[in-house]
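# Fold and contact review
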Amino acid sequence: MAMSTADHKLLPTGHERIDHMEMRGIVKRFPGVLAVDHVDFDVRAGEVHALLGENGAGKSTLMKILYGLYHPNEGEIFLDGERVTIKSPSDAIAWGIGMIHQHFMLVPSLTVAENVALGLKSTRAPLLDLDVVSARIKELAKTYGLQVDPAMPVWQLAVGERQRVEILKALYRGAALLILDEPTAVLTPQEVDDLFVTLRQMVSDGHALIFISHKLHEVLAISQRVTVLRDGHFVGTVPTAEATKASLARMMVGREVLLTYEVRAQQAGEPRLRVEGVRAASDRGTEALRGINLEVRAGEILGLAGVSGNGQRELAEVIFGLRPATTGQVVLDGQEVTGKSPCDLNKLGMSYIPEERMTDGVIRDFTVAENLMLQEHGLRPYSYSIFMNPRAITRRCAELIRSFNIRTPTQETPIKSLSGGNIQKLVLARELAREPAVLIAAQPTRGVDIGATEYIHQRLLDQRAKGTATLLISEDLDEILALADRIAVIYEGEIVGVVDRAEAQVEALGLMMAGVHREAVAG
Amino acid sequence: MQLNLPRSFHLGRTLDAFLPLFAVLLALFIGGFMILLMDANPLDAYRALWEGAFGTKNAVADTLVKATPLLLVGIGICISFRGGVVNIGGEGQMIAGGLAAVAIGLQYKESDPTTVIIACLVGSFVAGALWGGIAGVLKAYFNVNEILSTIMLNQIATFGMMYLVRSEFIDPRQKNAAAPIPETERLPRSLDLPRIGGTLDDLYDFLGLSAADANQWATTLLHNGIVIAFVLAIVVYVLLWRTTVGYRIRAVGKNPRASRYAGIKVEQYTVLSLMLSGGFAGLAGGIQLLGVRHRMNAEGGAIAFTGNAGFNGIVAALFGGLHPLGTIPASILFGALLVGGNKLQRSVQVPSALITALIGLVIVFVVASDIFVRHRSRRRVAVAVSEASAEAAEVRASP
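Every value quoted in this text rests on a predicted model; they were computed, and no experiment measured them. Note that residues are indexed from 1 along each chain, following the sequence as it is written. Just so you know, chain letters begin at A and ligand numbers begin at 1, following the order they were written in. Per-residue local features are limited, in this predicted model, to residues with pLDDT of at least 70; the limit for side-chain atom pairs, both in listing and counting, is 80 or more; totals at the level of whole chains, interfaces and linings are taken over all residues. Side-chain descriptors were evaluated using all non-hydrogen atoms of the structure, hydrogens and water having been removed beforehand.

### Quick notes on the interface of chain B and chain A
In this assembly, 32 residues from chain B lie in contact with 38 residues from chain A. For any pair of parts, buried area is found by adding up, for both, the accessible area (1.4 Å probe) each one loses once the two are put together. With both chains or domains summed, chain B and chain A bury close to 3100 Å², and 61% of this area falls on carbon and sulfur atoms. The term salt bridge refers to a pairing of a side-chain nitrogen on Lys or Arg with a carboxyl oxygen on Asp or Glu at a separation within 4 Å. Taken together, the connections running from chain B to chain A amount to 3 salt bridges. Put simply, glutamate 370 of chain A and arginine 250 of chain B hold a salt bridge, and the shortest N to O gap is 2.9 Å. Of all the elements in the fold, those that place two or more residues in the side of chain B that touches chain A are α10 (225–242), α11 (244–254), α12 (256–261) and α17 (353–397) of chain B. Helix numbering and strand numbering both begin at the N terminus, where a helix is a DSSP run of H or I of at least 4 residues and a strand a DSSP run of E of at least 2. Sort the elements by how many residues they give to the side of chain B that touches chain A and α17 of chain B lands first, with 8 residues. When residues are grouped by polarity, Ala, Val, Leu, Ile, Met, Phe, Trp, Tyr, Cys and Pro land in nonpolar, Asp, Glu, Lys and Arg in charged, and all others, Gly among them, in polar. Split into classes, the residues belonging to the side of chain B that touches chain A amount to 15 nonpolar, 8 polar and 9 charged. Contacts are assigned to residue pairs that have any heavy atoms within 4.5 Å of one another.

Laid out in structure tokens, this is it:
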């Protein structure tokens, strides 16, 4: 590297620091879209600089430019005052820049050491030098408090541990500047705390960290400075000490945002959905649900919290008739509906907002109108016998587009050209328009911008006021705490406890999400 | 809220619609060099091709007769491809339809011809639908790949036909011959699908006009199958885009998961789209039998009866953008290439394989232009949406 080699600039990993990285006037255009518009951004050794913005604000694009995945149309990048061109990720790595992607880039069947060594030259080529790699991993792990066993196959590791492997991988390759793309999205609160300990250690050792997130409280907890992007524009950079949740939210959205909702106290009514002793198998044939008991009452939102992959998806599918239960039953308004088809359940007043909206919620190649009519098209006045009634459909869609504030050029626009938030509003419009008795909402705001999230939350609360029984499945504890009347925690296919929101504590919920039973938490 | 799209958005779309035409011309231009390589004059060759396909009344009639089974198979293919199933079984389904038509026709020789013709056509549709339905059930309930099953059902239909025509269905006069020709009895002439000429005469009579000089088609072999095919193409268009059945078929084809989540019975619609697709291929077989061949013959296998329409119909449908109305000009184009190719071979002395190569070129160019159009339209939508929403944002911002 062409940088200074003075000893004081070395990191504990033995690599050189990057004292100052600066991006100036970066512009990136995609066909028809200005993704990043003259953005300045810099980060110094020894600080966490958070990059905040809604989906599509350009944060990931900007960071992919820094990591060499995209090439900017305009703008320059400086490392310690020297102008550099980063053509590819291998260039970036050579300059000491590492990136932890939201979706881990690990080979599950290989061990930790093998994953770290992947793509690097062995010191004993053509033979492997995994013992050398392992020793080095242990050394790094000790320095940064990143406990992992180099001999463990990655598929046996928990999500938090896999993330540590990713960080180790980057450190091993000499990353002095580390980009973390939404690193907390998949972690439990405890794992987030552990991650933050590591990050603080790295910062005090002289690393420069860029922390991408849209969770305001995490940004406030970990960073020294925050830069906010909106619609590809630079909104501002502020010292974290002077920022508040409300001020950051205003910068992100460009207007005041409700961060807490006024949830009117209301007496929950009769149980509308009961799940009794349900067991079911996962796609791989292992037991995903091990005797689930739940009850959701009219006018109540029951939040189902848990780390992803603990049976949430399977539970929603069993309730909605998409996956057979091996034992147990599902009762809707006093009527047993176990094993009924989605078609029948729709008619009985159940709605489902699926987790994967692009594959399960909408048909990508269909238009906005066609997607809105996915369930109602067979009913009068939208069709008579087999013939559809375009006028009634157009009128209905216009009404839904207006009342759910869906931003679309026309009803005939293919849905794939809408933003995630608008697509989710469309799914919501379709599912809520029928005034369901029971609503299963799985990750209703994942990947949705703050403005749309706020809107979706408000609609769920409106529905609660109308007497719908809502099962809100979410990995976002903040969302559950903001909306749910009661919170159930699922771990490895079992409900480990149900608590009222009034007595819910984040720490206790976090322990339950990690599998500690409620009684043990209380004791 | 709705956004306003700029006018250029719509203009660009209109231009794109003509692109396939340019693609065909370009393919013929490149084909000209191939003809040059064979020491023939491309202009002479194309003139011969045009004359052969459209030069005379009889040529046009021939072209349309050839286009009929392509169009019928093609509109069925539109349904199955839109429904997310790949039906390669057109050949077998045509044979099933042809067998049904000949069986019904021979059984009811003495009955009222109009009724029997209708029964033959309905029977051929049902037979093709059942033959396609087998693959549909295998796919929907047993997860058997429909490409493999329909291809295998082609073989079964071909050999089944050869067996039947040599045994149960054989012409009684051939049965005792020293060297029996494996063919069925010819259907009585009363069961020939009426020619367009005759129908037009009747029509003029009905309208009280003098027919003799107005009717240009009296002497051609063009039968009413093309009229049936045109009408059914419109019916299929209405089915796919104006009915709940078509909507569900398309939904299942585009995203079976989301369709299931929305309460559509995915298996039923998979079977239905293969049955409808097979039905139209079966009808193509029935019309081919009543209009052109009038008997089944076991010699020459499937192709002698179908003329490969079961496969070429797929090409016509793809060429027509998997749209029933687009398939009309597409099947006429391929009919013209097939008929004109014969003339080309005779008059310019180039191998008829050249026609196959030309058709291949046309397909490559049209598919390429289609990809180009799709790319451009995606870009255009993106630009239009971003501009229109920026505009809307400004409108909102100003009080």
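So, next bit.
### Describing the pattern of salt bridges
For side chains of opposite charge, pairing can occur when their charged atoms come near one another. Residue and element names in this part refer to chain A. Using the criterion set out here, one finds 42 salt bridges over all chains in the structure. The partner of aspartate 333 in a salt bridge is arginine 272, with the nearest N and O atoms 3.1 Å apart. Remark: arginine 272 occurs in strand β11 (residues 271–281) and aspartate 333 occurs in the loop between β14 (327–332) and β15 (335–336); sequence separation between them is 61 residues. The exposure class of aspartate 333 is partly exposed, given its relative accessible area of 41%. With relative accessibility at 23%, the residue arginine 272 sits in the partly exposed group. In this structure, a network of salt bridges that share partners links the residues Asp283, Arg313, Glu314, Glu317 and Arg323. In this scheme, a residue with accessible area under 20% of its type's maximum is buried, one over 50% is exposed, and one in between is partly exposed, where area comes from a 1.4 Å probe on protein chains only.

### Brief notes about the packing of helix α3 (residues 42–55) of chain B against helix α4 (residues 57–82) of chain B
Residues and elements named next belong to chain B. Axis definition: a line fitted to C-alpha atoms, limited for helices to the stretch in contact. Angles are taken between N-to-C directions and run from 0 to 180 degrees. Put simply, α3 and α4 touch, their axes get as near as 6 Å, and they point 80° apart. When the interaxial angle is binned, α3 and α4 end up roughly perpendicular. Contacts between α3 and α4 involve Glu51, Gly52, Ala53, Phe54 and Gly55 from the first element and Ala59, Val60 and Thr63 from the second. Partitioning the contact of α3 with α4 into residue classes produces 4 nonpolar, 3 polar and 1 charged. Any angle from 65 to 115 degrees is called roughly perpendicular, while one under 35 is roughly parallel, one over 145 is roughly antiparallel, and all others are oblique.

### Quick look at the sheet that holds strand β16 (residues 350–353) of chain A
Residues and elements named next belong to chain A. Here, strands pair whenever DSSP counts at least two bridges between them. Spatial ordering of the open sheet is given by β16-β19-β20-β13-β21-β22, a layout of 6 strands whose pairing is mixed. The open sheet has two edge strands with one neighbour each: β16 and β22 (494–500). Along the sheet, successive strands turn relative to each other by an average axial angle of 15°, direction set aside. Pairing of strand β19 (residues 438–442) with strand β20 (residues 469–474), which is carried by 5 bridges, proceeds in the parallel orientation. If you follow isoleucine 440 over to β20, its bridge partner there is leucine 471. Strands in contact with helix α14 (residues 420–432) are β16 and β19; relative to β16, the strand with the most contacts, it is inclined by about 175°. Most of the contacts of helix α15 (residues 450–465) go to strand β13 (residues 300–305), to which it runs at about 130°, and overall it touches β13, β19 and β20.

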